[in-house]
Amino acid sequence: MHQRKEALKTSVLRRVLIYGVLFFLLSVLQCSFFSVLRPLNSIPHLALGALCGICLLDTKESAAICAIGSGFLVDALGSTGLSLSPLLFLIIALFCSAIGKKMLPNFLSWVVLLVMGSILGSLGTLIHVLQLTHTLSLVSLLRTVLLPEFFCTVLFSLPLYPLLRFCVSIADSKNHFRL
Amino acid sequence: MKFYRSRFFLICICVAVALVLIPSALSIFGYTDLLRSGIKTVAKPFEWCGSRAAEAIAGFIAVFDEHDRLVAENEALKAKLEKQENQRAEQERLEAENAWLKEYLSLATEHPEYLLTDATIISRESGNYATVLTLNRGSVHGIKKKMPVLLSDGVFGHVSEVGLDWCKVVSIVESTSSASAYTERGGVAGVVEGDSLLRQEGMCRMTYIAADADIRVGDRVLTGGNGSIYPPGLLIGEITEIHADEYSRTLIAYIKPAVDFEDVTSLTRVMILTGYDTGAEVPS
């Protein structure tokens, strides 16, 4: 029993460390590199893309913690005012985990989850924009903000898959951190 | 469903809500969130590196953007230059036309009785020294043989051959050309005719001048109007040399025509005297 607790503790610490570094770097990349470069005139939500991968490849518990942590990081580094990301990311993580549980852990499944996660992320952006301004029409918002953000997130998150697989593999197997 | 009823799930929800509400509330009331501030401080060097890297890439991409922009600008400038060149050419054409019309006007003002038709030179006699021209006016335009051809400077020659819409002009320096003439100062009469040798220098000669005639170098020679071609009083040229004829007791005067036949290739238009308006008022 004691050994199991120790193993769980080690596993959780390893996960926190690996995923913490991963999401920190992705958030920094998102908030500095891509905010300057702005491919497709938008900033890709790399943290969201990685979160979808965690949802598929790791446990629901890991995904929930990663969602809260990455949401907080993204808001800390690149947002001012209302910080909805921890809650939004948690909802996305729970949704994607529920779907991901019924999928095979491969690239195609991750793309499907990524598309779903990006749609939910865009909805979050829509709420955020609507909270800031009411003057923009939905068509204009779709054309200038939501669709570019969606495509940008999907496109630039695709290369993350090997990195996510690698991180999940070194963060230990799923069974060590399951309620 | 076990997960959603677990304590872990509830903690997650609570933490997430807390992380939404606390920083938002602190931000609204103008306070700094220490945790966020700490994260920002740690991330600052990484963010700096990310920004520099992005700027470097953006700068690299901008080189290609700049190239495209420069190519587009070059094309636009080329088009602009071409347009300006066209405008300049058009302006030069208009200036030439204006100068020509002024010449035409001066001749028409000086001789209101003349019925003039302007003609464009469409070809020249082949050879280095061309004084036979082909014009774009013919019988359909009322042109007939032996009609005088003028420039504002003076007499050029006469129509020697007429086609439907073209005619050939022989200049007064051609050896086949002759016209009665007189000097303006002394009123000395003679015949101006072309000479095959003088023609090379763009000159002609005046013959049948009496040996004791009052004639000098520099005298202006005008058409006499006794022949069937030229009307009287048109300037032919100026006497440059006077010689005694070897075979008769007369003088021969060499004339430098008022029309510069050495520069005849630069001519583009001439005037054909097609008739006379008998009702016109001739200036004194």
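Predicted model, so just to flag it, every value in this text is computed and none were measured.

1. Some thoughts on the interface of chain B and chain A
When the parts come together, some accessible area is lost, and that loss is often what is quoted as the size of the interface.
No. 1: Tallying the contact residues gives 32 residues for chain B and 30 residues for chain A.
No. 2: The interface formed by chain B and chain A includes zero salt bridges.
No. 3: Of all elements in the fold, only α1 (7–28) and α2 (34–110) of chain B reach the threshold of two or more residues within the side of chain B that touches chain A.

2. Examining the environment of A:Ala93
Residue and element names in this part refer to chain A.
No. 1: Mapped onto the elements of the fold, Ala-93 is located in helix α4 (residues 85–100).
No. 2: Residue classification places Ala-93 among the buried residues on the basis of a relative accessible area of 1%.
No. 3: Placed 45 residues apart in sequence, Ala-93 and Leu-48 show a C-alpha to C-alpha distance of 8.9 Å.
No. 4: Ignoring sequence-local partners within four residues, the contact set of Ala-93 consists of Leu-51, Cys-55, Ala-63 and Ala-67.

3. Considerations on the nonpolar core
No. 1: Formed by 56 residues in total, the largest nonpolar core has its most connected members in A:Tyr19, A:Phe23, A:Leu51, A:Ile54, A:Trp110 and A:Leu164.
No. 2: Ignoring anything within four residues of it in the chain, the contact list for A:Leu164 reads A:Leu22, A:Gly49, A:Ala50, A:Gly53, A:Ile54, A:Leu57 and A:Trp110.

4. Quick notes on the pairing of strand β5 (residues 167–171) of chain B
Residues and elements named next belong to chain B.
No. 1: Among the five residues that make up β5, four are buried, leaving the element largely enclosed by the rest of the structure.
No. 2: Relative to β5, strand β2 (residues 132–135) runs antiparallel, the two sharing four bridges. Pairing of Leu-133 across the sheet is with Val-169, part of β5.
No. 3: Both strand β4 (residues 155–162) and β5 contribute to a ladder of five bridges, which runs antiparallel. Across the sheet, residue His-158 finds its bridge partner in β5, namely Val-170.

Scoring rules and cut-offs
- Residues numbered from 1 in each chain as written.
- Chains lettered and ligands numbered in written order.
- Predicted model: local features only at pLDDT ≥ 70, side-chain atom pairs only at ≥ 80, totals over all residues.
- Heavy atoms only, no water.
- Contact = heavy atoms within 4.5 Å.
- Salt bridge = Lys/Arg side-chain N within 4 Å of Asp/Glu carboxyl O.
- Helix = DSSP H or I, 4+ residues; strand = E, 2+ residues; numbered from the N terminus.
- Buried < 20%, exposed > 50% of the residue type's maximum accessible area, 1.4 Å probe, protein only.
- Core = buried A, V, L, I, M, F, W, Y, C linked by side-chain atoms within 4.5 Å.
- Pairing = 2+ DSSP bridges.

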